[in-house]
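Observations on the three-dimensional arrangement
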Amino acid sequence: MKYVSTRGNAPVLSFDDVLLAGLARDGGLYVPQTWPQFSADDIRAMRGLSYAEIAIRVMTPFVEGCMTRDELATLVHDTYARFTHPAVAPLKQLDANQWVLELFHGPTIAFKDYALQLVGRLFDHVLTKRGQRVTIVGATSGDTGSAAIEACRDRGSIDIVILHPHNRTSAVQRKQMTTVLSDNVRNVAVEGTFDDCQDMVKALFNDHDFRDTYNLSAVNSINWARVMAQIVYYFASAVAVGAPDVSMTFSVPTGNFGNVFAGFCARQMGLPIEKLVVGSNSNDILTRFFEKGVMEADGVVPTLSPSMDIQVSSNFERLVFHYLGNDGKAVGQLMEEFRATGRMDMPQGAYGAMRELFEGHRYDDDQTLAVMKSTQAKTGEVLDPHSAIGVAAGVKGHVNKASPLVALATAHPAKFPDAVEKATGSRPPLPAHMADLFDRPERFDVLPNDLGAVRDYVAAFAKRGRA
Ligand SMILES: *Cc1c(COP(=O)(O)O)cnc(C)c1O
C-alpha cells in the first residue's frame, strides 16, 4: 500500500514512512492511494471473531509491503490483550436498534487508547528495525497527554516528554500522567498556560537543528496510523449488530474529525454505512459547516467536553480531498484560503455529496447535562459529556429505524466526574485498574515558562537515552 498527500505535492510513501512522518512535506495529510475492499462475504466472515482478529483483517492491507501479517498480528494481540473488557469495545443497548459502543476500556479510559496503544508499538517496531530512536514531545491541557504517555512508556526506541500547565489540570488528569514512572517518560509542569506549552512545543519543532539532533516526533491526531486503527471498531461493532445484511448509522462526538473520518474510511472499504452523524459542543464549526457548506473559524469557548473544544478540525482535510476528486491542487488552494481568511466555501457539488452521508448537531453544556441525566434515568447508562453529545446527536439523526444506530462513547464517565456528578447527583467510581490512582507516587518536574529551560531539559533527557 502506498500513501499520497492531500496537497498532491509530496513524495508517495510507504506505510512505515507515513507512520514516522506525520504531516506530509507539502503541508498535507497522508491518505491511502486506494481503499482496500471488503466484500459482503468478507464482512460476514468476521462474525464471531475477536476484536484482535478483526483488527488484523482490517489493517493488514494498509501495512502491506512494510510488515508481514504475522508481525502485525503480534503487535495487535499484545495491544488489545491489555484492555480491561474481554470484548475490548463492548456494545450496550439503549433502545430499540440503538446502541452505545464503549471505547473506554483501555489504560487511560478514553477512546484514544484504541489507536495510540497500537501506534506506540508500531513506532517501536519500525524504529527498532531501522536502529533509530525518536524523542516524542507534546503539550496537553490534561485530557490527551496520558494516552500518549501510556502508549510510549517502556518502549525501547522512544523517549517521551509531555508538557502540561502547572496546577491547571484536574487531579485525575495529572495523576494519569505523572504516576507513570517509566525511565523513558518525563512530565514537565510549565508555570504557564496550555497555550504557552503548545507554543514551546511548536518552537522546538520549528528549530530544525534541534529537531534533527534529537529526532523529534509526534503522535498527534493527523497521524494516518491512528485513523487506521480506529477503522477497526466500526467494522467490529457493525458486524455485531448485523452488517453486512443491514446498513448502519454511526454517531460520533467530534473534535479533530479523526474518529468520524475513520468511519468514512470503513465505508470506503465496503462497510454499509448510510449515515455519519457528527456531534458538536458549543464549538460547533463542523455542525455549522454541514448546515451551510461554509467552514468559518470562530473563537474557542471552554465547555464540559474539553476534548472537543477545537477551532479547526485538522483531519477534515482528508474528507475534502476525497470530495474534490483527489485533486491535491484544489485542496491546497482551499486550505490556503481558509488559513488566510478563516473561511472556506466548499464547491456546491462536493458539499451536496457530503450531505448525503454526513450531518451535524450541536449541544451546549446545559443540553449535555440534560442528556446525561435522562439517559441514566431511562437506561442506567452513565455517559461522560463527550459521549452524551454523541448519543444525543445520533438519536436525532436516527430517522431510519431499520438501520441500527451505534453511538460512540469516547470516555469513561469517571474521567469527567464533576460533570457526571452535576448531571446525575452521584460521582462515578474509577474502574478497578485505576482505583488506587490517588495512592500511586508521582513524578514531574516544574519548569519556568521559558523556552530555553524547556529546550535544555529535553536535550538533557534525550541525550541520556542515547548514552
Ligand atoms: C479526542 C476526543 C474526542 C474527539 O475525537 P476526534 O477524533 O478529535 O474527533 C472526543 N471525545 C473524547 C473523550 C476525546 O478524547
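Scoring rules and cut-offs
Residues numbered from 1 in each chain as written. Predicted model: local features only at pLDDT ≥ 70, side-chain atom pairs only at ≥ 80, totals over all residues. Heavy atoms only, no water. Helix = DSSP H or I, 4+ residues; strand = E, 2+ residues; numbered from the N terminus. Rg over C-alpha atoms; globule rule 2.2 N^0.38 Å. Buried < 20%, exposed > 50% of the residue type's maximum accessible area, 1.4 Å probe, protein only. Phe/Tyr/Trp six-rings, centres within 6.5 Å; stacked < 30°, edge-to-face > 60°. Core = buried A, V, L, I, M, F, W, Y, C linked by side-chain atoms within 4.5 Å. Contact = heavy atoms within 4.5 Å. Salt bridge = Lys/Arg side-chain N within 4 Å of Asp/Glu carboxyl O. Near = heavy atom within 4 Å. Polar contact = N/O pair within 3.5 Å; in protein donor to acceptor, adjacent residues only side chain to side chain. Nonpolar A, V, L, I, M, F, W, Y, C, P; charged D, E, K, R; others polar. Expected span 1.5 Å × (residues − 1). Pairing = 2+ DSSP bridges. Axes fitted to C-alpha atoms, helices over the stretch in contact; angles between N-to-C directions.

The next point concerns the overall build of the protein. Each helix and strand in the protein was counted, giving 19 helices and 16 strands. On C-alpha atoms alone, the protein measures out to a radius of gyration of 21 Å, which is about the 23 Å that the 2.2 N^0.38 rule sets for 467 residues. With respect to the three principal axes, the spread of C-alpha positions in the protein is 60 × 55 × 50 Å. Taken over 467 residues, the protein has a buried fraction of 59%.

Okay, the packing of aromatic side chains next. Evaluation of the coordinates by the stated rule reveals 23 aromatic pairs. Between the aromatic rings of phenylalanine 290 and phenylalanine 316, the centroid separation amounts to 6.4 Å while the plane-to-plane angle is 70°, which identifies the pairing as edge-to-face. Note that phenylalanine 290 is positioned in helix 12 (residues 285–292) and phenylalanine 316 in helix 13 (residues 316–323), a separation of 26 residues in sequence. Three or more aromatic residues link up through ring pairs in this structure, and these residues are Phe257, Phe261, Phe264, Phe289, Phe290, Phe316, Tyr323, Tyr351 and Phe358.

Right, let's get into the nonpolar core. By size, the foremost hydrophobic cluster in this structure holds 114 residues, and its most contacted members are Phe15, Trp224, Phe235, Phe316 and Phe358. Counting residues per element, this core draws most heavily on helix 10 (residues 224–240), which supplies 13 residues. Not counting residues up to four positions away in its chain, the partners in contact with phenylalanine 15 are Met1, Tyr3, Phe62, Val63, Cys66, Met67, Leu122, Trp224, Ala225 and Met228.

This part takes up the pattern of salt bridges. Enumeration according to the criterion identifies 27 salt bridges in this entry. Across the salt bridge formed by glutamate 359 and lysine 275, the nearest N and O atoms sit 3.1 Å from each other. Linking glutamate 359 in strand 14 (residues 358–362) with lysine 275 in strand 11 (residues 273–280), this pair joins segments that are 84 residues apart in sequence. No difference in accessibility class separates glutamate 359 from lysine 275, as the two residues are buried. For aspartate 436, the salt bridge goes to arginine 440, with nearest N and O atoms at 2.8 Å. We classify aspartate 436 as partly exposed; its relative accessible area is 38%. One network of salt bridges, in which partners are shared, links Asp41, Arg44, Arg47 and Asp245.

Quick look at the site of the ligand now. The immediate surroundings of the ligand are formed by 14 residues, with Lys112, Gly255, Asn256, Asn259 and Thr410 found nearest. Residue asparagine 256 places a main-chain N or O atom 2.7 Å away from an oxygen atom belonging to the ligand. Between an oxygen atom of the ligand and a side-chain N or O atom of serine 307, the distance comes to 3.3 Å. A class-by-class count of the residues in the shell around the ligand yields 5 nonpolar, 8 polar and 1 charged.

This part covers helix 5 (residues 112–130). Compared with the 27 Å implied by 1.5 Å per residue over 19 residues, the 27 Å span of helix 5 between its first and last C-alpha is a close match. Within helix 5, 16 of the 19 residues are buried, which leaves the element mostly enclosed by the surrounding structure. Within two residues after helix 5, glycine 131 carries a phi angle of roughly 65°, on the positive side.

This part covers unusual backbone geometry. Proline 244 follows alanine 243 through a cis peptide bond whose omega is 5°. Mapped onto the elements, proline 244 comes out in the loop between helix 10 and strand 10 (248–253). The phi torsion at asparagine 215 lies on the positive side, around 50°, for a residue other than glycine. Secondary-structure assignment places asparagine 215 in the loop between helix 9 (208–213) and strand 9 (216–217). The backbone of phenylalanine 257 shows a phi angle near 70°, a positive value even though the residue is not glycine. One can find phenylalanine 257 in the loop between strand 10 and helix 11 (258–268).

Time to look at the sheet that holds strand 9. Across the sheet, which stays open at both edges, the 5 strands sit in the order 9-6-7-8-16 with parallel pairing between neighbours. Strands with a single pairing partner mark the edges of an open sheet, and in this sheet they are strand 9 and strand 16 (445–448). By the bridge criterion, 2 bridges tie strand 6 (residues 134–139) to strand 9 in an arrangement that is parallel. From the neighbouring strand, isoleucine 136 faces strand 9, where its bridge partner is serine 217. Helix 7 (residues 171–178) rests against strand 7 (158–165) and strand 8 (185–191) of the sheet, and its axis sits at about 160° to strand 7. Here helix 8 (residues 194–206) sits on the sheet and contacts strand 6, strand 7, strand 8 and strand 9; the angle it forms with strand 6, its principal contact strand, is near 150°.

Here we take up the sheet that holds strand 2 (residues 13–14). Ordered in space as 2-1-3, the 3 strands form an open sheet in which the pairing is antiparallel. Across the chains shown, the open sheet's two edge strands, defined by having one partner strand only, are strand 2 and strand 3 (30–32). The sheet contact formed by strand 1 (residues 2–5) and strand 3 spans 3 bridges and is antiparallel. Among the inter-strand pairings, tyrosine 3 is bridged to a residue of strand 3, identified as proline 32.

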